[in-house]
Amino acid sequence: MGFSVKLHGVRGSRPKQHKDLLGFGGNSTSIEFKVDEDFYLFLDGGSGLAARGRELTSIPPKSEFHFLITHTHWDHLLGLPFFEPFFGNNKVVFHAATTKKSSFEKLFAGLMDPAHLPVPITEFKAQFAFNVVHPNVCYKIGEHVKIMTYQLNHQGITLGYRVEYKGAAAVVITDNAPIEKANWMGESMQQDAQGRGAEFENEFNAGLVQFLAGADLVIFDTHFTEATLKPDWGHSTPPRALAFCKQAGAKRLILFHHAPEDMDPAVEAKVKSVITDAKAANIEVYAAQEGYEWKVA
Amino acid sequence: MESGLKIRFWGTRLGVSTPGKATLEHGGNTPCVQILSGKKLIIIDAGFGINALGETLATHRGLDIHIFFSQFLLDRMQGLPFFLPIYFPENTIHLYSPHKTDILQKRLEIFFDHNYSPFEGLHKMPANIHCHNLTRQAMIEGFKTDFIEVNHGAKMAQQNPLAGFAYKFTFGKDVITVVAGHEAIDSDINQRLIAFARGSTVLVHDAAFPTKNLQFTGWGHSTIEQALSNAAQIGAGHTLLTNYAPFVTDAELHQVMRRLRQDPRFTGTGFALAKENTEYDVVPLIKRAAG
């Protein structure tokens, strides 16, 4: 036991079944922080969550669940209606930001709209609760699990999460476009920037470095390569992720949010593209692989 | 004389995609079926399977694409934003259902809603989008198209008054009936469906659950045995089973099929479990079934 992070879904945009990507996996974002507490702690609810739910069943060993929600794009939510523990008498708390237009509670209700749900709504016997979290907050779940948030550069409000437990830290940055030279900012970021340009960019990037500082494990969006980068799509690249980790003195970098177009060799090539630089900086770098569990403490 | 009619399965998985080795043969993308005759094509449902279909059309412009929705459930719609032809203004995409067009549009809109996606609305997508309300038989792309209500499940019906539909496409003398979601229990609605589909050259039928003890009753889906029982009553030339529940593996499907192949009730007809990314030529299918 201790503290580990298990990856149930590593793919960005949408889940994809294809024979040539199963080495790293085709399920969309679902991450579990395994802690010695009387609750389960998940991040997002992409398709990878469904299979994990079948393992846990509707009567899991522990009856309390916490979900850290990064944002409400479909690839991060679509597994939730198929998570079997929701069919049992369990307690579920969603930790999520409120967007300019809507609360997560409302958006969850929209997701679970009986008019499009493939599952009878009467099956959902769990009690759902909603904890509104803001960027740059620090709080605890239970007595020992410390959560910190940071607003990322993506559409709407998207949060990065830092989880500290047993003296170790794991940080997850699922979706984040580079901010530099006024290239592109999501609408929430534009509001924060208030036309301050370069000053805001430096502030954001320094803040992100601080957020990652000394982390034992960093899971970072590397959807694109430098050659394929589309800044306004809200995603990053391996060299950008590594640059942040270097400045932050992070120990391990896990390249994450693989593009659905990227077959296994393309994902391997992403690791190769930064491995020399990473070694020089004494950072281990790997590609996120579905089903793999990373020991953190 | 070969009709050249083909059926291709791009997504065979209900509910939620199941990428992984255990579902590689029969498929792990959410539902999407394509019927082709030369350059004419009809699509039924827009689950994530539709993305790979779209890749085959990526270099074409000026396309007229016809997509029919069997139900407005998440798994039948979620692939539409990832269908490449929707990104080109030279293309026209026709969306069909027997429900009113405002219902069709409202149900699809959640996948183009700014809260849940990077998009600003269905009609802000570059392609021309036309929503159609099917009220009776129609000729579409040279296919005589007809539809009938199916049983979308007693439990589902309580929460969702929007019926599900089966479609029948007649091309020359070939008839393909697609029953994408239907709980085939003895009922008036099932009898009407059997009469509607009678004599189909090829029947595509929901077979979500491998066996009765694995069936979620009232959820609107059939067991393999229920699907084959319908196929026998319909007298289909050949039956392709599809739309497997997320928990079902290839190995479990094969095991059930080994038993059903020996079942005297089903020996008279040809049937197979649909495989994702596999194209079936209609005429050879029937010949094989007859032989």
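Coordinates for the structure precede this section.
Below: a short report on this structure. In this text, all values refer to a predicted model and were calculated from it rather than measured experimentally.

## What about the overall build of chain B?
Stage number 1. For chain B, the count of helices and strands is eight helices and 14 strands.
Stage number 2. What you see for chain B is a C-alpha radius of gyration of 18 Å, in line with the 19 Å of a compact globule of 291 residues.
Stage number 3. C-alpha atoms of chain B, sized along the principal axes, occupy 55 × 45 × 40 Å.
Stage number 4. The 291 residues of chain B split such that 63% are buried.
Stage number 5. Restricting to contacts in chain B with at least 6 residues of sequence separation, those with at least 24 account for 70%.
Stage number 6. Carbon and sulfur atoms form 54% of the exposed surface of chain B, whose accessible area is close to 10,900 Å².

## Overview of unusual backbone geometry
Stage number 1. Despite not being glycine, S13 of chain A has its phi angle at roughly 70 degrees, a positive value.
Stage number 2. Inspection of the secondary structure puts S13 of chain A in the loop between β1 (3–9) and β2 (30–35).

## Description of the interface of chain B and chain A
By a widespread convention, an interface's size corresponds to the accessible area lost as its parts come together.
Stage number 1. At the junction of the two partners, chain B supplies 38 residues and chain A supplies 42 residues.
Stage number 2. Across the chain B-chain A interface, the total number found is two salt bridges.
Stage number 3. Where D113 of chain A meets R107 of chain B, a salt bridge forms, and the shortest distance between an N and an O atom there is 3.0 Å.
Stage number 4. Between the two partners, chain B and chain A, sit 17 residue pairs in polar contact (both at pLDDT 80 or more).
Stage number 5. Of all elements in the fold, only α1 (50–55), α2 (74–77) and α4 (154–159) of chain B reach the threshold of two or more residues within the side of chain B that touches chain A.
Stage number 6. The residue inventory of the side of chain B that touches chain A, partitioned by class, reads 17 nonpolar, 15 polar and six charged.

## Some details on the sheet that holds strand β13 (residues 270–273) of chain B
Residues and elements named next belong to chain B.
Stage number 1. Read from one edge of the open sheet, seven strands run β7-β8-β9-β10-β11-β12-β13, paired in mixed fashion. Every other strand in the sheet has two partners, leaving β7 (138–140) and β13 as the edge strands with one partner each. In this sheet, neighbouring strand axes are inclined to one another by 25 degrees on average, regardless of whether the strands run parallel or antiparallel.
Stage number 2. Both strand β12 (residues 238–242) and β13 contribute to a ladder of four bridges, which runs parallel. Note that in β13 the partner of H238 across the bridge is G270.

About the thresholds
- Residues numbered from 1 in each chain as written.
- Chains lettered and ligands numbered in written order.
- Predicted model: local features only at pLDDT ≥ 70, side-chain atom pairs only at ≥ 80, totals over all residues.
- Heavy atoms only, no water.
- Helix = DSSP H or I, 4+ residues; strand = E, 2+ residues; numbered from the N terminus.
- Rg over C-alpha atoms; globule rule 2.2 N^0.38 Å.
- Buried < 20%, exposed > 50% of the residue type's maximum accessible area, 1.4 Å probe, protein only.
- Contact = heavy atoms within 4.5 Å.
- Areas by Shrake-Rupley, 256 points an atom, 1.4 Å probe, with all protein chains shown as cover.
- Salt bridge = Lys/Arg side-chain N within 4 Å of Asp/Glu carboxyl O.
- Polar contact = N/O pair within 3.5 Å; in protein donor to acceptor, adjacent residues only side chain to side chain.
- Nonpolar A, V, L, I, M, F, W, Y, C, P; charged D, E, K, R; others polar.
- Pairing = 2+ DSSP bridges.
- Axes fitted to C-alpha atoms, helices over the stretch in contact; angles between N-to-C directions.

Remember that the coordinates give geometry; whether it matters functionally is a separate question.
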